[in-house]
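Coordinate inspection notes
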Amino acid sequence: MPAGSPKTWLPFDHTLLTGVTTGSLEVVLTYSVCAPLLLAGPAAPWLGVAIDYLHRIAL
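The following refers to the structure shown.

Describing the sheet that holds strand β3 (residues 37–40)
One open sheet accounts for three strands, arranged β1-β2-β3; its pairing is antiparallel. Looking at which strands have only one partner, the edges of the open sheet turn out to be β1 (17–22) and β3. Each neighbouring strand pair of the sheet contributes to a mean axis angle of 15°, computed without reference to strand direction. In the sheet, β1 pairs with strand β2 (residues 26–31) via five bridges, with the strands oriented antiparallel.

Structure (structure tokens):
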């Protein structure tokens, strides 16, 4: 763990995922336990597809 990191981490579990919103170079993951998480950059569209797929099969 990097120096200065918090001792408690938020659980980013796919079962807690409540929504996936995709943009051109961004994905916003909405969880039931914390603020939305923004993923941005060239890999974001691919991550959005993969995470959305995992979210749908988990339902």
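Quick notes on the nonpolar core
Grouped together as the largest cluster of nonpolar side chains are seven residues: L17, V27, L29, Y31, C34, A44 and I51. Elements with a contribution of two residues or more to this core: β2 and α1 (44–58). Among the elements that line this core, the one with the most residues is β2, at three residues.

Here we look at the pattern of salt bridges
As enumerated under the stated definition, the model contains one salt bridge in all. Its salt-bridge partner being R56, residue D52 comes within 2.8 Å of it at the nearest N-O pair. Residue D52 and its partner R56 are both found in helix α1; the two are separated by four residues, about one turn of the helix. You can call D52 partly exposed: its relative accessible area is 22%.

With respect to a nonpolar patch on the surface
Residues Y53, L54 and I57 make up a contiguous nonpolar surface patch of roughly 320 Å² in combined accessible area. As for its placement among the helices and strands, I57 is situated in helix α1.

Remarks on the environment of V27
Tracing the backbone shows V27 in strand β2. Taking the C-alpha atoms as reference, V27 lies 6.4 Å from A40; in sequence the two are 13 residues apart. In contact with V27, not counting residues within four places along its chain, are V20, T21, T22, L37, L38, L39, A44, P45 and G48.

What counts, and where the lines are drawn
Residues numbered from 1 in each chain as written. Predicted model: local features only at pLDDT ≥ 70, side-chain atom pairs only at ≥ 80, totals over all residues. Heavy atoms only, no water. Pairing = 2+ DSSP bridges. Helix = DSSP H or I, 4+ residues; strand = E, 2+ residues; numbered from the N terminus. Axes fitted to C-alpha atoms, helices over the stretch in contact; angles between N-to-C directions. Core = buried A, V, L, I, M, F, W, Y, C linked by side-chain atoms within 4.5 Å. Buried < 20%, exposed > 50% of the residue type's maximum accessible area, 1.4 Å probe, protein only. Salt bridge = Lys/Arg side-chain N within 4 Å of Asp/Glu carboxyl O. Patch = residues over 30% accessible without salt bridge, like charges linked within 9 Å, V, L, I, M, F, W, Y side chains within 5 Å. Areas by Shrake-Rupley, 256 points an atom, 1.4 Å probe, with all protein chains shown as cover. Contact = heavy atoms within 4.5 Å.

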